[in-house]
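So you can see what is in the structure, the chains are spelled out below.
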There are 2 protein chains.
Amino acid sequence: MTVKALGALAANKPMESLEITRRAVGAHDVAIKIAFCGVCHSDLHMVRDEWGGAIYPSVPGHEIVGHVTAVGDHVSKFKVGDTVGVGCMVDSCRECASCHDGLEQYCTGGMTQTYNSPTADAPGHTLGGYSQSIVVDENFVLRVTHDEKDLAAVAPLLCAGITTWSPLRHWNAGPGKKVGIVGIGGLGHMGVKLAAALGAHTVAFTTSESKREAALALGAHEVIVSKNEEEMAAHAGSFDFILNTVAATHNLDPFIGLLARDGTMCLVGAPEHPHPSPTVFNLIFGRRSIAGSLIGGIAETQEMLDFCGEHGITSDIEMIAANQIEDAFARMLKGDVRYRFVIDSATLAG
Amino acid sequence: MTVKALGALAANKPMESLEITRRAVGAHDVAIKIAFCGVCHSDLHMVRDEWGGAIYPSVPGHEIVGHVTAVGDHVSKFKVGDTVGVGCMVDSCRECASCHDGLEQYCTGGMTQTYNSPTADAPGHTLGGYSQSIVVDENFVLRVTHDEKDLAAVAPLLCAGITTWSPLRHWNAGPGKKVGIVGIGGLGHMGVKLAAALGAHTVAFTTSESKREAALALGAHEVIVSKNEEEMAAHAGSFDFILNTVAATHNLDPFIGLLARDGTMCLVGAPEHPHPSPTVFNLIFGRRSIAGSLIGGIAETQEMLDFCGEHGITSDIEMIAANQIEDAFARMLKGDVRYRFVIDSATLAG
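Not measured: the values here are computed from a predicted model.

**Some points on the overall build of chain A**
Step number 1: When you go through chain A residue by residue, the secondary structure sums to eleven helices and 17 strands.
Step number 2: Whereas a compact globule of 350 residues would reach a radius of gyration of roughly 20 Å, chain A reaches 20 Å, a difference of no more than 12%.
Step number 3: Along the three orthogonal principal directions, the C-alpha set of chain A runs to about 60 × 40 × 35 Å.
Step number 4: Taking as baseline every contact in chain A between residues at least 6 positions apart, the subset at least 24 positions apart corresponds to 67%.

Below, the structure is given as structure tokens:
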């Protein structure tokens, strides 16, 4: 099936309207008419080949929501008309320890990412959600239980939501815990909402005094302007967990110093240039840890979507049409979005 | 009471014989005639003020074993003649969460270290185990159950032993776990012995092919020469826990790459100059952690001593007389010791 998509033909070419094909619906497949797709920083890195390894044509997008239009003969989890989502993965080896543990993102064979991963389908690599439809194995399709009117704002949960949910859950954010969220952007604003909804005492860190009110509005119980040394010092040694969503190169030490004994700071952003080397004394005195975390598994993505559906949690979004993507990329680079662009997939037809 | 000790009068002066005073035995105190004291790298750093903050006269030594010569009226845990040890701490606030949790080394008020910490006793700072005797609150005295003939080799358990035991236990080294020990020196050789005795599959990392046999003799099940890229690659993603005892500046990334999903590398040595900044991608892909750990609490030090007594585990030592300390320091700096110098305290009298 030929469908319209939005992608790039080379790293130095702008995004343009493309025609791509989607495979026939196999026995275990779900065909999805895409309603909305979130715009993630990774999308921009990939189409411009900033991480290396980009394959063209490149059609990004891994924050996909839509409706089921067809199911294969052996599909048991979904039926036509269901509201569903697809995140950063569309397959994995299903045999390794991580796959068995429901943590397919750490598949030792390497998960099949929603875009830019090898696949048997034409053109030989996966093409993402900036398109009218997608065909995905049912085991990598998520159920969406939110109100239909909120669907666009659900899209970013499939990457920004799960990327913050997974470490918050893994490190037991919840009642009685003091949790910090560093960086209030696409990921961070979801981190604040989710940590607060999980019952943790949630503290947002921002570099800018101007974002204080906005962070409180997201549900943060406190906001710390990280450039304010006095404000930082008042919280020394008090955090059980800090989720650091900032990919820009920055000094980790001031945040590590805020961790309580046995506290962990988890990084979910990878900097282009290394952060200054963290001071080992800060880790030794307090048995503190620096960790990393990658999106989340399928089961925990479903858990997160169910939790968000139940609690009415969505992303704060700005809707765009397909032909506004280059402008959206430019604004995203400047941090000029509260907090996520979402493409209205209906505009791909134009 | 005036006793003989071995210490430095200034950072640029050699170690010399000194006379120091020990406080009268208080109601909760234990007086200990020191039999042996291990020589730790920290001792050298302190007397030469390499970390800053050294107070003179400086009498180092925090790997102390000996026999009780007097106890205060309210002492219930020890009696005259008991074989005991004292490690890196002689007091703490006893009120903070860490003290309540038996992790006095993370006391938020700051533990009282065995040397160079403020104290009410003359001369106003604590003086360590390079001396004939010491007076310590019973709550910071450990019981030694080893054979008396092994006593000298027990001394290094009080720092090198507990510094490796505490993280091995905290990160659950034991049957079914693959544990690496980086650096086979004073700390590392204890790490290998303890990890193996705890039942973990124990792998020693060394930079030198020449240390392979020695590491196997300590009980390692495998030895990896870390400069050998092929040997390292064969173990990628396979370690549950790596205890890194190397304080010299080095690249952490090759070791982090050996961690399995959710694996941790714990650093117990603080480098004088920062390690190269670890690659964040290595942490994100695999939810890996870099942590630090500081010695161990009193309860876990006793647990370690009991375990070692039961399993006949001691340190590999080279005995020296007090007047050989400068030579021992020099050899220690070159790594020319297998694996710990221990001072025969009887030689302090000479």
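After presenting the structure, the write-up continues.
**Section: the pairing of strand S16 (residues 317–320) of chain B**
Residues and elements named next belong to chain B.
Step number 1: Across four bridges, S16 lies against strand S17 (residues 340–344) in parallel orientation. Each residue of the ladder has a partner; that of Ile-320, found in S17, is Ile-343.
Step number 2: For the crossover from S16 across helix H11 (residues 325–333) to S17, the handedness is right-handed.

**Here we look at the pattern of salt bridges**
Step number 1: By the definition in use, this model includes 38 salt bridges over all chains.
Step number 2: For the salt bridge of Asp137(A) with Arg94(A), the shortest nitrogen-to-oxygen distance reads 3.2 Å. Taken together, the positions of Asp137(A) in strand S8 (residues 133–137) and Arg94(A) in the loop between strand S6 (89–91) and helix H2 (97–100) put the pair 43 residues apart, joining distant regions of the chain.
Step number 3: Looking at Asp137(A), the relative accessible area reads 11%, which means it is buried.
Step number 4: Given a relative accessible area of 33%, Arg94(A) falls into the partly exposed group.
Step number 5: For Asp82(B), the salt bridge is made with Lys79(B), and the minimal N-O distance between the two is 3.1 Å.
Step number 6: Of the residues examined, Asp82(B) reaches a relative accessible area of 10% and is grouped as buried.
Step number 7: You can call Lys79(B) exposed: its relative accessible area is 55%.

**Details of the relation of the copies chain B and chain A**
Step number 1: When chain B is fitted to chain A, the residual RMSD is 0.0 Å, and the transformation amounts to a turn of 180° plus an axial shift of 0.0 Å. Classification of the inter-copy transformation places it as that of a two-fold axis. Closest to the rotation axis within chain B is the C-alpha of Ser277(B), separated from it by 2.0 Å.
Step number 2: Looking at chain B, 100% of its interface residues are interface residues in chain A too, so the copies touch through the same face.

**Section: the nonpolar core**
Step number 1: If you look at the biggest cluster of nonpolar residues, it comprises 222 residues, and the most contacted ones within it are Tyr130(A), Leu168(A), Tyr130(B) and Leu168(B).
Step number 2: When residues no more than four places from it in sequence are discounted, the contact partners of Leu168(B) are Ala173(B), Val179(B), Ile181(B), Gly191(B), Leu194(B), Ala195(B), Leu198(B), Phe241(B) and Leu243(B).

**Observations concerning the confidence of the model for chain A**
Step number 1: Scored by pLDDT, chain A comes out at a mean of 97, with 100% of its residues at no less than 70.
Step number 2: As scored by the predictor, the complex reaches a pTM of 0.96 and an ipTM of 0.95.

**Observations concerning empty space enclosed by the protein**
Step number 1: The tally for this structure, following the rule as stated, stands at three cavities of 30 Å³ or more.
Step number 2: Considering only enclosed or pocket space, the largest cavity measures out at about 100 Å³ in volume.
Step number 3: Together, 16 residues line the largest cavity, and Ser277(A), Pro278(A), Ile290(A), Pro278(B) and Ile290(B) are the ones closest to its centre.
Step number 4: Taken together, the elements giving at least two residues each to the lining of the largest cavity come down to helix H9 (280–284) of chain A together with helix H9 (280–284) of chain B.

**Quick look at the sheet that holds strand S14 (residues 259–267) of chain B**
Step number 1: Across the sheet, which stays open at both edges, the twelve strands sit in the order S12(A)-S11(A)-S10(A)-S13(A)-S14(A)-S15(A)-S15(B)-S14(B)-S13(B)-S10(B)-S11(B)-S12(B) with mixed pairing between neighbours. Looking along the sheet, the strands with just one partner apiece sit at the ends: strand S12 (222–225) of chain A together with strand S12 (222–225) of chain B. Going from strand to strand, the sheet's axes swing by 20° on average, the running direction of each strand aside.
Step number 2: Relative to strand S15 (residues 289–292) of chain B, S14(B) runs parallel, the two sharing four bridges. Within the sheet, the bridge partner assigned to Met265(B) lies in S15(B) and is Ile290(B).
Step number 3: Along the sheet face, helix H4 (residues 160–170) of chain A touches strand S10 (178–182), strand S13 (239–244) and strand S14 (259–267) of chain A together with S14 of chain B and points at about 160° away from the line of S13(A).
Step number 4: Docked against the sheet, helix H5 (residues 186–197) of chain A engages S10 and strand S11 (201–206) of chain A, running at close to 165° with respect to S10(A).

What counts as what
- Residues numbered from 1 in each chain as written.
- Chains lettered and ligands numbered in written order.
- Predicted model: local features only at pLDDT ≥ 70, side-chain atom pairs only at ≥ 80, totals over all residues.
- Heavy atoms only, no water.
- Helix = DSSP H or I, 4+ residues; strand = E, 2+ residues; numbered from the N terminus.
- Rg over C-alpha atoms; globule rule 2.2 N^0.38 Å.
- Contact = heavy atoms within 4.5 Å.
- Pairing = 2+ DSSP bridges.
- Right-handed = clockwise from strand over helix to strand, strands pointing away.
- Salt bridge = Lys/Arg side-chain N within 4 Å of Asp/Glu carboxyl O.
- Buried < 20%, exposed > 50% of the residue type's maximum accessible area, 1.4 Å probe, protein only.
- Least-squares fit on C-alpha atoms with pLDDT ≥ 70 in both.
- Core = buried A, V, L, I, M, F, W, Y, C linked by side-chain atoms within 4.5 Å.
- pLDDT = per-residue confidence, 0-100.
- 1 Å grid on protein atoms, 1.4 Å probe; cavity = no way out; pocket = protein on both sides within 12 Å on 5 of 7 lines; lining within 4 Å.
- Points joined across faces, edges and corners; volume = space filled by probe spheres on them.
- Axes fitted to C-alpha atoms, helices over the stretch in contact; angles between N-to-C directions.

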